[in-house]
Each structure stands twice: as structure tokens, then as C-alpha cells.
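# Coordinates in review
As a plain string of letters, each chain reads:
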Amino acid sequence: MVFSDAGEVQALAEVLAEHHRAAVLDATGLVASAGFLTSEGAPGSRTVRVGHRCLFPGSPGAMTFAEVAQEESDRVAAYGQLLREAGWTVRSTTCTRPRLLAHRSSRPDLGSGQPR
């Protein structure tokens, strides 16, 4: 069976979109509307990167840097729980921002929603 990394991104985004909004970026790549972002992981890995983006502090209606950091952390944790419940295997990572690496669990018994 051949898997498409783009297909994995689409499938994961559909799970998140049932409960959360996707981020909207403007033409320059800046966040116009807060929400989740997804992208392909390493080529051929069937892994999806997941994060949350807020409006940049200083933008009209934006939060402070501390509020942004807290919201990103809280939302990424919520995304992880939702994905686990939907049968995805999820690993948390942090570089400068909280993120998840997720892939579909290959065993049917892993979709129980229990932390892995």
C-alpha cells in the first residue's frame, strides 16, 4: 500500500477541523486568523507536523507574548488529545514553540484514546 504524505496531512487536518479552526495566513505569510497549522514531516515518513499560531503580539486585537505562548501550549496539548482519541500516534516536540509530530496508528487496537 502506498501512502501519500499530503494525504496524511489532509486526513489529520480533517480530524482537527471538526473541533478547531485552521489558521489563515495572509499573502505575506503572516497569521491573519489564529488556528492550527499542519505540514508534512520528513519526506516519506507519513508524519505530519502540527502547531498552533496566534496573531503576532502588537497586531490589532493580539495578545501579549506570554498569552500567545500559553495559548499555543494549551491548544497543541488539546490537538494531541483529540488526535490520540482519533487513533493517531502523537509525539510532542518543542523547539521554539510547542509542536506535535503525528502519524496514523498502524494497529487497530491503538485507537482506544489511551496515551502512548
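All of the points below concern the structure found in this document. Everything quoted here is computed from the prediction, not taken from an experiment.

### Side note on the sheet that holds strand β4 (residues 48-53)
Across the sheet, which stays open at both edges, the four strands sit in the order β3-β4-β6-β5 with antiparallel pairing between neighbours. Here the strands that pair on one side only, and so sit at the sheet edges, are β3 (35-40) and β5 (88-94). Here the strands of the sheet are splayed against their neighbours by 30 degrees on average, with no regard to which way each runs. The sheet contact formed by β3 and β4 spans six bridges and is antiparallel. Within β4, the residue paired with Gly35 across the bridge is Arg53. In the packing of helix α1 (residues 5-17) onto the sheet, contacts are made with β3, β4, β5 and β6 (98-104), and the angle to β3 comes to roughly 165 degrees.

### Some thoughts on the nonpolar core
If you look at the biggest cluster of nonpolar residues, it comprises 17 residues, and the most contacted ones within it are Leu12, Leu16, Val50, Leu83, Trp88 and Leu100. Every element with two or more residues in this core is listed here: α1, β4, α2 (65-85), β5 and β6. For this core, the leading source of residues is α1, giving six residues. Contacts of Leu100, omitting those with residues within four sequence positions, involve Val48, Arg49, Val50, Val76, Tyr79, Gly80, Leu83, Val90, Arg91, Ser92 and Thr93.

### Remarks on the packing of α1 against α2
The description of two packed helices rests on the angle between their axes and on the distance between the axes. Remark: α1 packs on α2, axes separated minimally by 10 Å, with the N-to-C direction vectors making an angle of 110 degrees. As summarised for this structure, α1 and α2 are arranged roughly perpendicular, according to the angle between their axes. Taken together, the residues of α2 that come into contact with α1 (itself represented by Leu12, Val15 and Leu16) are Tyr79, Leu82 and Leu83. Considering only residue class, the contact of α1 with α2 consists of six nonpolar, no polar and no charged.

### Let's talk about the environment of Thr89
Residue position: Thr89 is located in strand β5. Side chain to side chain, Thr89 and Ser105 meet in a polar contact 2.8 Å long.

Scoring rules and cut-offs
Counting of residues starts from 1 at the beginning of each chain's written sequence and follows it residue by residue. pLDDT decides what is reported in this predicted model: residues at 70 or higher carry local features, side-chain atom pairs at 80 or more are listed and counted, and totals for whole chains, interfaces and linings draw on all residues regardless. Excluded from the side-chain calculation are hydrogens and water; included are all heavy atoms of the structure. DSSP-based pairing: two strands are paired if at least 2 bridges between them are found. Strands here mean DSSP runs of E at least two residues long; helices mean DSSP runs of H or I at least four residues long; both are numbered from the N terminus. Lines are fitted to the C-alpha atoms to define the axes, a helix being fitted only along its stretch in contact, and any angle between axes, read from their N-to-C directions, falls within 0 to 180 degrees. By definition, residues are in contact when any of their heavy atoms lie within 4.5 Å. For this analysis, a nonpolar core means a set of buried residues of the types Ala, Val, Leu, Ile, Met, Phe, Trp, Tyr and Cys, connected via side-chain atoms within 4.5 Å. Partly exposed describes any residue whose relative accessible area lies between the buried limit of under 20% and the exposed limit of over 50%, with all areas from a 1.4 Å probe on protein chains only and scaled to the type maximum. An angle below 35 degrees is treated as roughly parallel, one above 145 as roughly antiparallel, one from 65 to 115 as roughly perpendicular, and anything else as oblique. The nonpolar class holds Ala, Val, Leu, Ile, Met, Phe, Trp, Tyr, Cys and Pro. Asp, Glu, Lys and Arg form the charged class, and all remaining residues, Gly among them, are polar. Residues adjacent in sequence count toward polar contacts only when both atoms are side-chain atoms; beyond that, a polar contact is any pair of N or O atoms within 3.5 Å, and within protein one must be able to donate a hydrogen and the other to accept it.

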